[in-house]
Amino acid sequence: MARRRVLVTGIGVESCAGSTPDELWEALSTGRSAISPLELEEPMPCQVGGVIGAFDPREHMSAQQARRTSRFQQLLFAAAMKAREDARLRTAPEALYVGTGGGGLDETARLVTVMNRSGWPRMDRLGLLRLLPNQAAGLVAQEMAIVGPVLTLSTACAASTDAIGAGLRAVRDGTADVVLVGGVESWLDTPALASFRLLDALSLRPAAEAAVASRPFDRDRDGMVPAEGAAVLVLESERSALRRGATVHGEVLGAASTCDAHHPVAPRADGAVAARTIELACADAGLDVTAVDLVSAHGTSTPLNDRAETAAIKRAFGAHARQVAITAPKSVIGHACGACGILESVGVLRAVREKYVPPTANLDNPDPRCDLDYTPIVGRPATIDVAIKQNFGFGGHNSVVVFGAA
């Protein structure tokens with residue numbers, strides 16, 4: 001069977017920068033930081049994060065559902081309902097692929113606290129259902145009557161990028177006409193932050209410096225800034241989209257996933273396997289790497305990642321690495337772990353549509369070892385026909401998706 005074109009026909013967003021694609025794009029395109037001080041039950045060296053403010057799950061689900069579900073489930077559900085509405089879907093999608101890093105980590109901490117203080121019989125009997133990573137996807141599937149594959153992928157920061165790749169293959173290969181792909185993370189709780197802090201992964205900038213804490217590729221970066229969020233895309237075959245008269249936000253052209261097989265948390269310094277992922281994704285799209293106009297970087301604002309990513313881009317693109325435009329969205333919205341790839345992909349789709357390269361915020365003093373065009377401070381118009389979203393996760397997971405114009 002001939003490979004089918006895969007179009008993006010629906011988008012739903014819940015992010016610290018806003019609850020619509022327009023609000024998210026406004027922040028990304030202007031470099032306006034959405035990072036704010038954290039309000040934690042216990043003092044932590046990490047004081048800043050990407051927090052979703054006024055979110056009421058009852059605007060998207062029943063009061064009973066809201067009582068029985070955890071925040072990460074509610075965020076994904078809200079994004080999925082928005083994506084369905086944006087796509088004007090009137091029938092059930094045929095599959096759902098969701099990426100998450102920790103699922104209900106915060107719920108695990110609550111259950112353990114109650115057990116230690118009051119004994120296990122006092123634990124919430126629905127607690128298990130609030131923490132299992134697959135329950136967010138299951139909740140959406142139940143609401144939308146999705147009876148095909150409903151899969152949760154957990155490849156750390158590459159998870160939702162991998163989910164896009166899974167959805168691409170399902171539609172392109174003819175397994176389905178309409179699928180949802182999503183990502184979600186809500187891990188701004190003390191145990192999760194403490195664990196990342198012990199790995200020296202988080203920024204220690206004070207609350208007063210929240211807006212400038214995330215600074216990928218900058219000489220003065222000191223770690224990633226945690227964030228929560230969710231996003232869902234509707235992927236649809238061209239035939240189905242034309243038949244429905246759907247609005248098309250862009251096209252998914254190719255994808256690839258690999259593993260460094262190197263270290264639990266550190267990327268390969270030479271970027272060799274990450275570079276190969278870029279090459280494989282472009283090959284999957286039927287394109288040479290020189291066709292890429294924009295790279296949406298993983299750009300975590302950690303010393304190791306930013307240098308390894310720079311090395312990977314140089315390896316993959318060769319001389320073209322000096323011509324391709326690069327942007328680092330985490331400088332604006334922080335690091336939403338398993339949701340970061342799909343949240344940032346919303347920005348990529350918009351960048352291709354608007355022909356505009358969003359800036360990398362806070363890139364005041366570039367690291368001499370990060371010497372590519374990372375679009376510091378101010379964005380710019382550009383010809384963008386092909387763009388890639390790349391994400392690299394703990395465990396050595398590398399994932400790249402190639403997007404094209406509608």
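Above: the structure in question.
Definitions and cut-offs
- Residues numbered from 1 in each chain as written.
- Predicted model: local features only at pLDDT ≥ 70, side-chain atom pairs only at ≥ 80, totals over all residues.
- Heavy atoms only, no water.
- 1 Å grid on protein atoms, 1.4 Å probe; cavity = no way out; pocket = protein on both sides within 12 Å on 5 of 7 lines; lining within 4 Å.
- Points joined across faces, edges and corners; volume = space filled by probe spheres on them.
- Helix = DSSP H or I, 4+ residues; strand = E, 2+ residues; numbered from the N terminus.
- Nonpolar A, V, L, I, M, F, W, Y, C, P; charged D, E, K, R; others polar.
- Contact = heavy atoms within 4.5 Å.
- Axes fitted to C-alpha atoms, helices over the stretch in contact; angles between N-to-C directions.
- Parallel < 35°, antiparallel > 145°, perpendicular 65-115°, else oblique.
- Left-handed = near helix turned anticlockwise from the far one by under 90°.
- Expected span 1.5 Å × (residues − 1).
- Buried < 20%, exposed > 50% of the residue type's maximum accessible area, 1.4 Å probe, protein only.
- Patch = residues over 30% accessible without salt bridge, like charges linked within 9 Å, V, L, I, M, F, W, Y side chains within 5 Å.
- Areas by Shrake-Rupley, 256 points an atom, 1.4 Å probe, with all protein chains shown as cover.
- Salt bridge = Lys/Arg side-chain N within 4 Å of Asp/Glu carboxyl O.
- Phe/Tyr/Trp six-rings, centres within 6.5 Å; stacked < 30°, edge-to-face > 60°.
- Pairing = 2+ DSSP bridges.
- Polar contact = N/O pair within 3.5 Å; in protein donor to acceptor, adjacent residues only side chain to side chain.

1. Focus: the layout of surface pockets
- The computed volume of the largest pocket comes to approximately 600 Å³.
- Around the largest pocket, the lining is made up of 19 residues, and of these E41, R110, L188, D189 and T190 lie nearest the centre.
- Looking at the lining of the largest pocket, the elements with two or more residues in it are α4 (105-118) and α8 (190-198).
- Tallying contributions element by element places α4 first for the lining of the largest pocket, with 5 residues.
- Partitioning the lining of the largest pocket into residue classes produces 7 nonpolar, 3 polar and 9 charged.
- Taken together, 22 residues form the lining of the second largest pocket, with V265, A266, P267, T302 and F394 sitting closest to its centre.
- Sort the elements by how many residues they give to the lining of the second largest pocket and helix α11 (residues 303-317) lands first, with 3 residues.
- Among the residues forming the lining of the second largest pocket, the class breakdown is 11 nonpolar, 9 polar and 2 charged.

2. What about the environment of M81?
- Mapping M81 onto the fold places it in helix α3 (residues 71-87).
- Note: C-alpha distance between M81 and P381 (300 residues apart in sequence) is 32 Å.
- Not counting residues within four places of it along the chain, the set of residues in contact with M81 comprises H60, E143 and M144.

3. Let's talk about the packing of α3 against helix α6 (residues 135-144)
- Relative to each other, α3 and α6 sit at 40 degrees, their axes nearing to 9 Å. Relative to α6, the element α3 lies oblique. In this structure, the crossing between α3 and α6 has a hand that is right-handed. Across the interface between the two elements, F72, Q73, L76, F77, A80, M81 and R84 from α3 touch Q135, A136, A137, L139, V140, E143 and M144 from α6.
- Each residue belonging to the contact of α3 with α6 can be placed in one class, and the counts come to 10 nonpolar, 2 polar and 2 charged.

4. Notes on helix α13 (residues 340-354)
- For α13, with 15 residues, the first-to-last C-alpha span of 21 Å sits near the 21 Å given by 1.5 Å per residue.
- Summarising burial for α13: 13 of the 15 residues are buried, a large majority.
- Looking one or two residues beyond α13, the residue adopting positive phi is K355, at roughly 55 degrees.

5. A short note on a nonpolar patch on the surface
- Together, V112, M115 and W120 line one region of the surface with nonpolar side chains, adding up to about 330 Å² of accessible area.
- Relative to the helices and strands, V112 resides in helix α4.

6. Regarding the packing of aromatic side chains
- Under the definition given, this model contains 4 aromatic pairs.
- Here W25 and Y356 contribute two aromatic rings whose centre-to-centre distance is 6.4 Å and whose plane-to-plane angle is 85 degrees, an arrangement assigned as edge-to-face. One end of the pair, W25, is in helix α1 (residues 21-30); the other, Y356, is in strand β11 (residues 356-357), and 331 residues separate them in sequence.
- Between the aromatic rings of F217 and Y374, the centroid separation amounts to 3.8 Å while the plane-to-plane angle is 15 degrees, which identifies the pairing as stacked. Taken as a pair, F217 in the loop between α8 and β7 (229-237) and Y374 in the loop between β11 and β12 (380-381) lie far apart in primary sequence, 157 residues in all.
- Site record: aromatic cluster; members linked through ring pairs are W187, F196 and F394.

7. A look at the sheet that holds β7
- Reading across the sheet, the 10 strands line up as β5-β4-β6-β7-β1-β8-β14-β13-β9-β10 and stay open at both edges, with mixed pairing between neighbours. Of all the strands in the sheet, just β5 (150-153) and β10 (325-327) have a single pairing partner and so form its edges. On average, each strand axis in the sheet is tilted by 25 degrees relative to the strand beside it, whichever way the strands run.
- Bridge count between strand β4 (residues 95-99) and strand β6 (residues 178-185): 5 bridges; the pairing is parallel. Along β6, the bridge assignment pairs Y97 with V181.

8. Brief notes about the side chain of S399
- For S399, the location among the structural elements is in strand β14 (residues 397-404).
- Polar side-chain contacts of S399 include one of 2.8 Å to the side chain of D162.
- Those residues in contact with S399 that lie beyond four places of it in its chain are A158, T161, D162, A256, S257, T277, K389, Q390, N391 and F392.

9. Considerations on the packing of helix α10 (residues 272-284) against α11
- At a closest axis distance of 8 Å, the pairing of α10 and α11 adopts a crossing angle of 50 degrees. Classified by the angle their axes make, α10 and α11 are oblique. As α10 packs across α11, the resulting crossing turns out to be right-handed. Note on element contacts: α11 touches α10 through A312, R315, A316 and F317, opposite A272, A274, A275, I278 and E279.
- Its residues placed into classes, the contact of α10 with α11 shows 7 nonpolar, no polar and 2 charged.

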